[in-house]
Each structure stands twice: as C-alpha cells, then as structure tokens.
Amino acid sequence: MIHLGHNRSAQEIVDAAIQEDVQGVAVSCYQGGHSELFPYIRELLDERGCSEVMIFGGGGGVVLPQEIEAIEKKGTCKIYSPEDGQKLGLDGVIGHVLYNSDFAYTDWAQRKMHPTSYLARAFTLLENSLSSFESLALPPVQKDIPVLGITGTGGAVKSSLLDELLLRFLEDFPSLGIGVICVDPSKKKTGGALLGDRLRINSCTNGRVFLRSFATRGSGKEVTQVSDDAVRLFKAQNFDFIIVETSGIGH
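As the structure is a computational prediction, the values presented were derived from the model and not from experiment. (Residues numbered from 1 in each chain as written. Predicted model: local features only at pLDDT ≥ 70, side-chain atom pairs only at ≥ 80, totals over all residues. Heavy atoms only, no water.)

1. Notes on the overall build of the protein chain
Assigned secondary structure in the protein chain consists of eight helices and seven strands. Relative to the compact-globule value of 18 Å for 251 residues, the protein chain shows a C-alpha radius of gyration of 19 Å, a close match. With respect to the three principal axes, the spread of C-alpha positions in the protein chain is 55 × 40 × 35 Å. Taking all 251 residues of the protein chain together, the buried fraction comes to 45%. Restricting the contact set of the protein chain to residue pairs at least 6 apart, pairs at least 24 apart contribute 72%. (Helix = DSSP H or I, 4+ residues; strand = E, 2+ residues; numbered from the N terminus. Rg over C-alpha atoms; globule rule 2.2 N^0.38 Å. Buried < 20%, exposed > 50% of the residue type's maximum accessible area, 1.4 Å probe, protein only. Contact = heavy atoms within 4.5 Å.)

Below is the structure:
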C-alpha cells in the first residue's frame, strides 16, 4: 500500500499510481470538488494507458447520492456513502476494495504504454520474478551514472534528507533526471508493507524524478532482492543520478 497523505492533486495521485504500477487508487475527498476530481483522475489514467487501474473514493455525507451515481458512470469503481459504511462496516469496505483490485500484472497488458508506464511495469515484473533483467533486452548503458545509497536507523530522517537532496539537485541541474528507489520493511506476519516514503518526499512530484517503492519481502535485509536489477534498469533508461534508500536498519 502506497500512502500519499493529505492535499494531493489529481496529477500527483496519477503520477504516483503510474510509477508504482498500482491496481487501485483510493481517495477521500471532503472539499466539495469530488464531481470533478474523480472523473479527472480517470481521464488522466486513461490518457497514460492505465485504464485497468480501479478508482475508489468517499467523502462522508459531502457526496450526494445523485453525485455518486454520476461519478461512477464516469469510470470510478465505487464511491462509498455513509450508508455503505453502516451496511458493510470498515472490514466490508476494505474487502470490497481488495476484491475489485485483486488482479496481478503478469505481462505487458497495454501494448501502447506510455514510457513511464512501461518502466513501471518492468519494475513490477522484475519484483515478482515474472521477467529477468536480461529478457528485457535493454540497450547498453552509454555513460557513467552515479548511485548514492542512504541508510540508517528508523527515525534517522533518511527520507527528509533524501527530499532535501532532490530539491537541491533539481535546482542546480535543471535538465537531468533522477531515479529513486525507496525500500520499506514487510510485516513478518502478513507479508504486507505500508510504503510511506512519498509522504515525506514531496520533491518526488517533479517530472524529472521517478520514484519506485519496494518492500523487503522477506529478503532478510534492509533492501529488496530486486534492488540490483532496479538500479540496472534505471541505468539502462539513462537516468543521470540514482538514489537508493534502505528501510530502517533494525526493522
């Protein structure tokens, strides 16, 4: 699960969804702009070849029943009303989201994918061992690309430091692209992970930054097993600078 936090624009939500190659997007909207926000998210996803991504939302009593109907007709899977909460409960709502998002990307489903979507899908196939780096048949790297590793204990402000580094790099080098890999720990009991680095790295919303989150997934390390291939993939795409942030040491 990728956590974005509060007050995100439709473009920020869609950019994160594409880079993370998600199955679903869930948004709470209490500001009264729901009739425009959800259809616009759908439109932006479709424009980038991501029509399979499901959209879910809610807004308590702010979203009227007739508005819910209109929003869902425009491509949102479900807007949850207060009545849905009463009937389904929290577990029921979560179950409905998971049920409808329960599909896996196993190949290049969209033949005319946007380059960003194509790169994101490559990360997914590598992470799930559905493709090898060699099978991607990427062109050889044409230049030396520096890779910076950031590590430390939990709460050592790794993500805040990374955010500041990105801001300075973007300011000082206005034409260069940056690839970022952020790793968070997986729960031993469930295997799930809450990937929250985007919550603290606001500079990743810049169009020259591609941030991909990974969970440790039982690697037994502070990095994921696919980290090496992910760095190689960024290099093959000719990013100018690559940063790898580990999960907190000791997690």
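2. Some thoughts on the environment of Leu-119
Of note, Leu-119 is situated in helix α5 (residues 115-127). With sequence-adjacent residues up to four places away left out, Leu-119 is seen in contact with Phe-210, Leu-233, Phe-234, Gln-237 and Phe-239.

3. Quick word on the pairing of strand β6 (residues 209-215)
Most of β6 is tucked away, with seven of its seven residues classed as buried. Alignment of strand β5 (residues 178-184) against β6, held across seven bridges, turns out to be parallel. Bridged to Ile-181 within β6 is Arg-212. (Pairing = 2+ DSSP bridges.)

4. Some details on the sheet that holds β6
Sheet architecture is open: four strands sit in the order β4-β7-β5-β6, paired in parallel fashion. Pairing within the sheet leaves two strands with one partner each, and these edge strands are β4 (147-150) and β6. Geometrically, the sheet is characterised by an average inter-axis angle of 15° between neighbouring strands, direction not taken into account. Pairing analysis gives four bridges linking β4 to strand β7 (residues 241-245), with the strands arranged parallel. Of the residues in β7, the one forming a bridge with Gly-149 is Val-244. (Axes fitted to C-alpha atoms, helices over the stretch in contact; angles between N-to-C directions.)

5. Here we look at unusual backbone geometry
Here Asp-21, not a glycine, exhibits a phi torsion of approximately 55°, which is positive. With respect to the element layout, Asp-21 can be found in the loop between α1 (10-20) and β1 (24-28). Owing to a relative accessible area of 9%, Asp-21 belongs among the buried residues under this scheme. In this structure, Val-157 takes a positive phi of about 60° despite not being glycine. Among the secondary structure elements, Val-157 is positioned in the loop between β4 and α6 (158-172). Residue Val-157 is classed as exposed on the basis of its relative accessible area of 51%.

6. Focus: empty space enclosed by the protein
Counting across every chain of the model gives one cavity of 30 Å³ or more. Put simply, the largest cavity is a space of about 60 Å³. Taken together, Ala-17, Ile-18, Asp-21, Val-22, Cys-50, Glu-52, Val-53, Tyr-105, Met-113, Ser-117, Ala-120 and Arg-121 make up the full set of residues lining the largest cavity. Of all elements in the fold, only α1 and α5 reach the threshold of two or more residues within the lining of the largest cavity. Sorting elements by how many residues they give to the lining of the largest cavity places α5 first, with three residues. Its residues assigned to classes, the lining of the largest cavity shows eight nonpolar, one polar and three charged. (1 Å grid on protein atoms, 1.4 Å probe; cavity = no way out; pocket = protein on both sides within 12 Å on 5 of 7 lines; lining within 4 Å. Points joined across faces, edges and corners; volume = space filled by probe spheres on them. Nonpolar A, V, L, I, M, F, W, Y, C, P; charged D, E, K, R; others polar.)

7. Quick word on the environment of Tyr-40
Mapping Tyr-40 onto the fold places it in helix α2 (residues 34-47). A residue is classified by how much of its surface remains accessible, and Tyr-40, at 38% relative accessible area, is partly exposed. Spatially, the C-alpha atoms of Tyr-40 and Val-14 are 9.8 Å apart, while their sequence positions differ by 26 residues.

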